[in-house]
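Given next are the chains, with one letter for each unit.
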Amino acid sequence: NAGVTQTPKFRILKIGQSMTLQCTQDMNHNYMYWYRQDPGMGLKLIYYSVGAGITDKGEVPNGYNVSRSTTEDFPLRLELAAPSQTSVYFCASSYGDAWGVGYTFGSGTRLTVV
Amino acid sequence: QQQVKQSPQSLIVQKGGISIINCAYENTAFDYFPWYQQFPGKGPALLIAIRPDVSEKKEGRFTISFNKSAKQFSLHIMDSQPGDSATYFCAAIKNGKLTFGGGTRVLVKP
């Protein structure tokens, strides 16, 4: 099993450009999440989804958009990239259990906006 | 607003020593309190977790202590090894969503 796969691993964007971070999971998890991790900081929730066709905002959604057309895929779209979006982005999935033991994280996408 | 506060930001411990990381939370409605371990270039991975009605949980060299009345919990790493060098995050979960502490970078010197 691949688990949670994120692409690309690294990307440099110019200010104002747009891009989509891809995330796919093969564990048939209903819940999927996008987090960002700034240097020396914890992970902050950007968006999450509890199933195909259902998405909701997390703590830091501004500047991002998501869609969930299938159970497997949860892409994160950045429109008009800004330097403040320089970060490491992690996608995760889970069964939505109360204790978080089913959370699986991808290996991250390191994004730099210049 | 930061609902889970973690300290220290970093610590250095000698091989065989004890690493202690502390966390405090502000929301009393969390369901569970997991700890994650993250190695450079990797995503976080679940290390150990505790329910709020339990005061202590031990798995191997890792122990969580939980004080519900003080809204505090801590991770103890006994007999620390160089392979334990990583960043550790405490977290709290509610409705399937994780809220993370700021992380503690642990370096175990041989």
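These notes cover the structure that comes with them. A quick note: this is a predicted structure, and the numbers were derived from the prediction, not measured.

## Details of the layout of surface pockets
Reported here for the largest pocket is a volume of approximately 690 Å³. In terms of lining residues, the largest pocket is bounded by 30 residues, among which Gln 37, Val 88 and Arg 110 of chain A together with Gln 38 and Arg 105 of chain B are the most central. Elements represented by at least two residues in the lining of the largest pocket include exactly strand E9 (87-94) and strand E11 (109-113) of chain A together with strand E9 (86-94) and strand E11 (104-109) of chain B. Broken down by element, the lining of the largest pocket gets its largest block of residues, four residues, from E11 of chain A. Residues that form the lining of the largest pocket fall into these classes: 10 nonpolar, 15 polar and five charged.

## Some remarks on the side chain of Asp 84 of chain B
With respect to the helices and strands, Asp 84 of chain B occurs in the loop between strand E8 (72-77) and E9. The residues contacting Asp 84 of chain B, other than those within four sequence positions of it, are Gln 37, Arg 61, Phe 62, Ile 77, Asp 79 and Val 108 of chain B.

## A look at the sheet that holds strand E3 (residues 19-25) of chain B
Adjacent strands of a sheet form backbone hydrogen bonds with each other and so pair up, either parallel or antiparallel. All names here are of chain B. With antiparallel pairing, the five strands of this open sheet are ordered in space as E1-E3-E8-E7-E6. Two strands bound the open sheet, and with one partner strand each, they are strand E1 (4-7) and strand E6 (56-59). Along the sheet, successive strands turn relative to each other by an average axial angle of 15 degrees, direction set aside.

Calculation criteria
Residues numbered from 1 in each chain as written. Chains lettered and ligands numbered in written order. Predicted model: local features only at pLDDT ≥ 70, side-chain atom pairs only at ≥ 80, totals over all residues. Heavy atoms only, no water. 1 Å grid on protein atoms, 1.4 Å probe; cavity = no way out; pocket = protein on both sides within 12 Å on 5 of 7 lines; lining within 4 Å. Points joined across faces, edges and corners; volume = space filled by probe spheres on them. Helix = DSSP H or I, 4+ residues; strand = E, 2+ residues; numbered from the N terminus. Nonpolar A, V, L, I, M, F, W, Y, C, P; charged D, E, K, R; others polar. Contact = heavy atoms within 4.5 Å. Pairing = 2+ DSSP bridges. Axes fitted to C-alpha atoms, helices over the stretch in contact; angles between N-to-C directions.

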